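Survey of secondary and tertiary structure
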Amino acid sequence: MKQFYSFIKKEFQQIFRDKRTLLILLVMPIVLVIILGYAINTELNDVRVAVFDPSKDEATRKITERFQASKYFSVTDVLSEKSAINEIFKEGNIDLVIVFPENFSAELQDGQAAIQLIADGTDPNKAYMLTGYAQGVLSSCQLELLKQYGISVQIQTETRMLYNPQSKSAYNFVPGVMGLILTLISAMMTSVSIVREKEMGTMEVLLASPMKPFQIILSKMTPYFVLSITNLITILLLAVFVMGVPIRGSLFWLAVVSVLFIVVALSLGLLISTLVDKQMSSLLVSGIGLMMPVLVFSGLIFPIENIPVVLRWISDIIPARWYIEIVRKIMIEGVGVQFFIKELCIIVVMALVLITIAWKKFKVRLC
């Protein structure tokens, strides 16, 4: 029994000596609970609403005011032409459009009226929630209109899912899966490959060869760049020919953005390799440290608009968030480069910053 306790004591001592293990055992559960507790929020808040109201009568004004007074909706735009609906969705400034008919008041007098709700169907779950919340507001409006007109008024809603009329979930998840896979393959495998050389003591042998250090690093990173390109092509083929997800936009720009994102992920892997010396540590940092933020903060599973403002700041520094937004705009919405120029510039800046930091730190570690 004394030997048994001595082994237990020895195991505790080893754990307490390893600060990384302590962080994983004690700190990581706390961080995950806090992050997931706040980030996993199925409620919608500050939904941006545009209204197309050709009738401009008292009834439509009251319904619009009711949406504005709701804690879920914010009326940010009033459209003068119905043709502007597609354009405002492409710009990404609106989540929901309410379309009133020209003779709305006359239909109310007859006891039945129709309103069209148009949502962005690239994320079917979010679109259904938006229209469901909107129908709830309209139901409460019926009681107010009943008092005004003195008759039973029924407001019917016609729901339209823009870009994804069949409400296929693959339209939402394929771009997200692309961002997740490219991040993990590029970053995790690159960091492990370089750390493996350090752990086995062969990095010094490589550096003593006639090749320059940057050539050695590029030679280590190139296979994972090729594998990432292969994964990208495979995912796109499966998405188009198996899951029926279209590529409505430019294939050229999709390739350009994907290559830039792979460079960002490879730079992340290189940066991780400068911070750790063990393969297991590298796997934990690159696997859990990158996978969880991509799942939670990139918009892959949960709408970014739902999470608190502080956590949105974290999502701003997640490269996969901007890549997924661009892929959705190219593949599902079919928009031109002018509609995702902001996200593209952010990815370019991230690539330059990460390459610079990773390269400088790597050279310091190798000296």
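One structure accompanies this document, and this report is about it. (Residues numbered from 1 in each chain as written. Predicted model: local features only at pLDDT ≥ 70, side-chain atom pairs only at ≥ 80, totals over all residues. Heavy atoms only, no water.)

**As for helix α7 (residues 170-200)**
The terminal C-alpha atoms of α7 lie 43 Å apart, and with 31 residues this matches the ideal 45 Å at 1.5 Å per residue to within 8%. Burial of α7 is extensive: 22 of the 31 residues sit out of reach of the surface. (Helix = DSSP H or I, 4+ residues; strand = E, 2+ residues; numbered from the N terminus. Expected span 1.5 Å × (residues − 1). Buried < 20%, exposed > 50% of the residue type's maximum accessible area, 1.4 Å probe, protein only.)

**What about the packing of aromatic side chains?**
Across all of its chains, the model carries six aromatic pairs by this definition. Seen from their ring centres, Y72 and Y133 are 4.7 Å apart, and the 75° between their planes marks the pair as edge-to-face. One end of the pair, Y72, is in the loop between α3 (58-69) and β2 (73-79); the other, Y133, is in helix α6 (residues 124-149), and 61 residues separate them in sequence. Classification of Y72 as partly exposed rests on a relative accessible area of 21%. Their ring planes at 75° and their centres at 5.3 Å tell us that F100 and F104 sit as a pair that is edge-to-face. For F104, a relative accessible area of 0% corresponds to the buried category. (Phe/Tyr/Trp six-rings, centres within 6.5 Å; stacked < 30°, edge-to-face > 60°.)

**What to know about the pattern of salt bridges**
Per the stated rule, a full pass over the model turns up seven salt bridges. Among the ionic pairs, D316 bridges to R321, the shortest N-O distance being 2.4 Å. Taking relative accessible area as the criterion, R321 reaches 12% and is therefore assigned buried. Linking E325 and R321 is a salt bridge whose minimum nitrogen-to-oxygen distance equals 3.2 Å. Of this pair, E325 and R321 both sit in helix α13 (residues 319-333), four residues apart, which is roughly one turn of the helix. Bridged by salt links that share partners, the residues R48, D95 and K126 form one connected network. (Salt bridge = Lys/Arg side-chain N within 4 Å of Asp/Glu carboxyl O.)

**Brief notes about the environment of L290**
Turning to its location among the elements, L290 is positioned in helix α11 (residues 279-297). Look at L290 and you get buried, because its relative accessible area is 15%. With 103 residues separating them in the primary sequence, L290 and A187 have C-alpha atoms 8.5 Å apart. In this structure, L290 is in contact with T183, A187, L268, I272 and V285, ignoring residues within four places of it in sequence. (Contact = heavy atoms within 4.5 Å.)

**A word on the environment of A134**
Assignment of secondary structure puts A134 in helix α6. Classification of A134 by relative accessible area gives buried; the value is 0%. Sequence-wise, A134 and L96 are 38 residues apart; in three dimensions their C-alpha atoms are separated by 9.0 Å. In contact with A134, not counting residues within four places along its chain, are F67, F73, L96 and L117.

**Points about the side chain of S258**
Relative to the assigned elements, S258 resides in helix α10 (residues 251-275). Here L254 takes part through its backbone oxygen, which lies 2.8 Å from a polar atom of the side chain of S258. The residues touching S258, leaving out its near neighbours within four places in the chain, are L232 and Y323. (Polar contact = N/O pair within 3.5 Å; in protein donor to acceptor, adjacent residues only side chain to side chain.)

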